[in-house]
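# Fold and geometry: a report
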Amino acid sequence: MFGTRKTVILCLLEFLIVAVHCQTSPAQPAEVTNNIPTQLPTEQRTPTTTTTTSTTTTPTTTTKPTPTTTTSTTSTTTPTTTTPQPTAEPHPKDYWMRRGQDELLQALQAKINTNVAKNVILFIGDGMGVTTTTAARILKGQKEGRTGEESILSFERFPHLGLSNVYSIDRQVPDSADTATSFLCGVKSKTGTLGMDASVRRGDCSSEAGAAVDSIIQWSERADKSTGIVTTARITHATPAAGYAHSAERNWEFDGAIPSNQRFSGCKDIARQLINHASDIEVIMGGGRRNFISTSESDPEYSSSRRRVGRRTENTSLIEVWQEIKKLEGKRYKYVWNKTEFDMINPQEVDYLFGLFAWSHMKYEVDRQYDIAGEPSLEEMTQKAIEILRKNQNGYFLLAEGGRIDHAHHSSKAGIALEETLAFERAVAKAVEMTNEEDTLIVVMADHSHVFTIGGYASRGNPILGVTDIGRARDRKPFTTLAYGNGPGWRSVRENLENVNTADHDYRFQSAVPLRSETHSGEDVAVYARGPMSHLFNGVMEQYYIAHAMAYASCVGQNKDHCNLPPPTESPTRPRQPINVPQTPGQQPKPSIQTEEGVVSEVPGQTVEGGVLCQAAIGGTGTKECSVFGIFIAIVTLLTL
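Residues numbered from 1 in each chain as written. Predicted model: local features only at pLDDT ≥ 70, side-chain atom pairs only at ≥ 80, totals over all residues. Heavy atoms only, no water.

## Some words on the sheet that holds strand β10 (residues 452-454)
Inclusion rule: DSSP bridges decide pairing: two strands pair if at least two such bridges lie between them. A helix here means a DSSP run of H or I that spans at least four residues, while a strand means a run of E at least two residues long, and both kinds are numbered starting from the N terminus. Lines fitted to the C-alpha atoms define the axes, with helices restricted to the stretch that makes contact. Angles between their N-to-C directions range from 0 to 180 degrees. Any pair of residues with heavy atoms lying within 4.5 Å of one another is described as a contacting pair.
If you walk across this open sheet you meet the 3 strands as β10-β11-β12, and the pairing is mixed. With one partner strand each, in any of the chains shown, β10 and β12 (511-514) form the two edges of the open sheet. Along the sheet, successive strands turn relative to each other by an average axial angle of 20°, direction set aside. Strands in contact with helix α3 (residues 130-143) are β10 and β11 (482-487); relative to β10, the strand with the most contacts, it is inclined by about 50°.

## A few points about the side chain of Gln 510
Rule in force here: Pairs of N or O atoms are called polar contacts if they sit within 3.5 Å, as long as, within protein, a hydrogen donor faces a hydrogen acceptor (for residues adjacent in sequence, only side-chain-to-side-chain pairs).
Here Gln 510 is to be found in the loop between β11 and β12. A distance of 2.9 Å separates polar atoms of two side chains, one belonging to Gln 510 and the other to Arg 494. Only 3.3 Å separates the side chain of Gln 510 from the backbone oxygen of Glu 495, close enough to count as a polar contact. Each residue touching Gln 510, except ones within four places of it in the same chain, is listed here: Ala 483, Tyr 484, Gly 489, Arg 494, Glu 495 and Leu 497.

## Here we look at the pattern of salt bridges
Rule in force here: Salt bridge, as used here, is a side-chain nitrogen of Lys or Arg placed within 4 Å of a carboxyl oxygen of Asp or Glu. Type-normalised accessible area, obtained with a 1.4 Å probe on protein chains alone, sets the label of each residue: buried when under 20%, exposed when over 50%, and partly exposed for intermediate values.
Within this structure, the stated rule accounts for 29 salt bridges. Residues Asp 343 and Lys 339 are paired through a salt bridge, measuring 2.9 Å at the closest nitrogen-oxygen approach. In this pair, Asp 343 and Lys 339 both sit in helix α10 (residues 339-343), 4 residues apart, roughly one turn of the helix. Residue Asp 343 is classed as partly exposed on the basis of its relative accessible area of 45%. For Lys 339, the salt bridge goes to Glu 380, with nearest N and O atoms at 3.6 Å. With Lys 339 in helix α10 and Glu 380 in helix α11 (residues 378-389), this residue pair connects regions lying 41 residues apart in the sequence. With a relative accessible area of 19%, Lys 339 lands in the buried category. Take Glu 380: its relative accessible area is 28%, and that puts it in the partly exposed class. Several salt bridges share partner residues, and in doing so they unite Lys 339, Asp 343, Glu 365, Arg 368, Glu 380 and Arg 426 into one network.

## Section: the sheet that holds strand β5 (residues 333-336)
Here we have 10 strands laid out as an open sheet, ordered β5-β6-β4-β3-β7-β1-β8-β14-β2-β15, and mixed in their pairing. The open sheet is flanked by β5 and β15 (539-541), the only strands paired with a single partner. Ignoring strand direction, the axes of neighbouring strands in this sheet form an average angle of 15°.

## Overview of the packing of helix α8 (residues 270-277) against helix α9 (residues 318-329)
The condition that has to hold: For classification, angles of less than 35 degrees are called roughly parallel, those exceeding 145 degrees roughly antiparallel, those between 65 and 115 degrees roughly perpendicular, and all remaining angles oblique. Note on residue categories: nonpolar means Ala, Val, Leu, Ile, Met, Phe, Trp, Tyr, Cys or Pro, charged means Asp, Glu, Lys or Arg, and polar means any other residue, Gly included.
Contact geometry of α8 with α9 gives a least axis separation of 9 Å together with a crossing angle of 10°. With respect to each other, α8 and α9 are oriented roughly parallel. Residue-level contacts link Ala 271, Arg 272 and Ile 275 of α8 to Leu 318, Val 321, Trp 322 and Ile 325 of α9. For the contact of α8 with α9, the per-class residue count stands at 6 nonpolar, no polar and 1 charged.

## Observations concerning the environment of Gln 262
Relative to the helices and strands, Gln 262 is located in helix α7 (residues 260-263). On the accessibility criterion, Gln 262 (13% relative accessible area) is buried. Each C-alpha atom, one on Gln 262 and one on Gly 203, is 8.4 Å from the other, the two residues being 59 residues apart in sequence. Once you skip the residues sitting within four places of it in the chain, Gln 262 turns out to touch Gly 203, Asp 204, Cys 205, Ser 206, Trp 252 and Cys 267.

## Describing the nonpolar core
Stated formally: Side-chain atoms within 4.5 Å link the members of a nonpolar core, which is a set of buried Ala, Val, Leu, Ile, Met, Phe, Trp, Tyr and Cys residues.
If you look at the biggest cluster of nonpolar residues, it comprises 58 residues, and the most contacted ones within it are Phe 123, Phe 155, Val 230, Met 285, Phe 424, Val 444 and Leu 482. The element contributing the most residues to this core is helix α13 (residues 414-434), with 9 residues. Among all residues touching Phe 155, those that are not within four sequence positions of it are Met 128, Thr 133, Phe 424, Glu 425, Val 428, Val 444 and Tyr 528. One finds Ile 124, Phe 183, Ala 278 and Met 533 within the second-largest nonpolar core, a separate group that totals 55 residues.

## Section: unusual backbone geometry
Of note, the phi angle at Met 533 is positive, near 65°, even though the residue is not glycine. Following the sequence through the fold, Met 533 ends up in the loop between β14 (525-530) and β15. A relative accessible area of 9% places Met 533 in the buried class. Although it is not a glycine, Cys 555 sits at a positive phi angle of roughly 60°.

## Here's the deal with the state of the cysteines
Rules: Criterion for a disulfide: a pair of cysteine sulfur atoms at a distance within 2.5 Å.
Applying the stated criterion across every chain, the model contains 2 disulfides. Each disulfide pairs two cysteine sulfurs, and for Cys 205 the partner residue is Cys 267, the sulfurs being separated by 1.6 Å. On the sign convention where negative means left-handed, the S-S torsion of about 120° between Cys 205 and Cys 267 marks this disulfide as right-handed. Of this pair, Cys 205 sits in the loop between α4 (176-185) and α5 (216-222) while Cys 267 sits in the loop between α7 and α8, placing them 62 residues apart in sequence. Pair check on accessibility: Cys 205 and Cys 267 agree, each one buried. Across the disulfide from Cys 555 sits Cys 563; the S-S distance is 2.0 Å. Taking the sign of the torsion about the S-S bond as the criterion, the disulfide between Cys 555 and Cys 563, at about -115°, is left-handed. For Cys 555, a relative accessible area of 14% puts it in the buried group. Residue Cys 563 is classed as buried on the basis of its relative accessible area of 18%.

## So, the side chain of Ser 189
Its location among the elements puts Ser 189 in the loop between α4 and α5. Of the residues examined, Ser 189 reaches a relative accessible area of 1% and is grouped as buried. The residues contacting Ser 189, other than those within four sequence positions of it, are Ser 168, Ile 169, Asp 178, Thr 181 and Met 196.

## Considering the environment of Ala 400
The topology assignment puts Ala 400 in strand β7 (residues 396-402). Relative accessible area serves as the criterion here: at 0%, Ala 400 is assigned to the buried category. Residues Ala 400 and Val 428, 28 residues apart in the sequence, show an inter-C-alpha distance of 9.1 Å. If we ignore the near neighbours within four places in the chain, the residues touching Ala 400 are Leu 122, Phe 123, Ile 124, Val 230, Thr 382 and Phe 424.

Laid out in structure tokens, this is it:
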């Protein structure tokens, strides 16, 4: 009994201290955006997600530059916008104190969503490490005429954030095959293998027996949900392939890629597995037509003078095989390969969509307008996929990948990588706009990062793609804010950037170590989440945990014991024991608030023994005065028990 009273007394003393603070320093109103100058964001970093409209506005796109054939130009470095470079203005301490208190109060009001996730959307920014998101955020703001550093990406508004490690079974620094197997299938695996556990030997077809592991796509299909995959890379590339294929080698994308001594051991190429074993996936969109048509078949996008053919050695079109399967099943299906056909699709009339929009990978966003046949953006593919998948009353799982962020980094073309990140961000914003966070879990993450850095002490608002404006290197030459630890941007004598337009999309940023292709890096990557059970994505997580958490949230896979339980009235972050606060005779029990030590009687604004609890202390608005005397009376009452 004494221990219980002691706990309550300590809890109330904590409120007493906060109450005194509230009386002497009343909280400011939450809305302070009128005091924010034009170069700072009008939006706040809001941890709560009470509406889905705050992230629906996509940034205004600018006119894309004509691609160049050189890696640098003779023009001087210019800002990335045509407007004058904004400057940061100093602000009095009261401005920052008000903003800090505003964000704190918003965080205190955050609620945990423990609903079952009817729908799950997993966005993968391939190679989108924290440095990439930071630089993209700055570029976004600068393209909008601001200094940039204070900008925010749509998914950075999500209320829950954690870090995921990325190592594989056999490497400190992973590739996209083993990382995708980890976060889609829930097991760590070896570099270069897809949908296999660690018992498989890379490139050894005979070792595949018994090593296959299913992904959350198969788990969702078994739960009668619809599923989809959209990517800007080849649909048979590492990340999407881990969702449906089982292969000892990620590069076995078509039959001719399998060595002859392995081909007769029973292994199937990745494209064949998609058609033969994963045709139940309702939406499939990306690039890579070459892996589905034979060497005797011309690609439809290219004329005879620029003729391209397929890669398959067997005289079979897997596209036609897919269409025949759907026809025999009596499904409403559509295959498309260009933007015109894509735009004509009525989601209400199509249940299965197969879209292959490029011979290999789809175009970079900055070059998409120059595509011969036209390609949809990742945002457009995401929208179309959701429109088709949401017809299923049981819900859906969608994997959406911005696959070409990674490719631009490998080429050390930071400008393109950041534009790809912004295109990826617009796809996330579209998904947020189209869904309800009460029943849709959205997870945004990278599979791995790159050896990509931001440095140099540049002034606030200095063009993120430009050279630093403060100081020079020891060789007395200017240097860029962005750089790579290794890659093709290395030169034995460092290039003088005095008259180089480093903002040109084809410019290769400098690197410290000479490599033909820049590499991945091994640091943790960020995981952003909103919607049901999004609080499960926090702290430093093992990458394989991502699949288990998504499955738990959506009641698929092996852990479904909680799925038929009624939702709790409270959603604490960890189990807490309630404290019984006595009521006066005839008094009705009142709503309670969870605290670190238990339940404190009274919700914000209700009296307790002659006073009002400080609302700021328990997540209120801080507009009412606190009664220290009321808390004192409560302590005395407990001591007399």
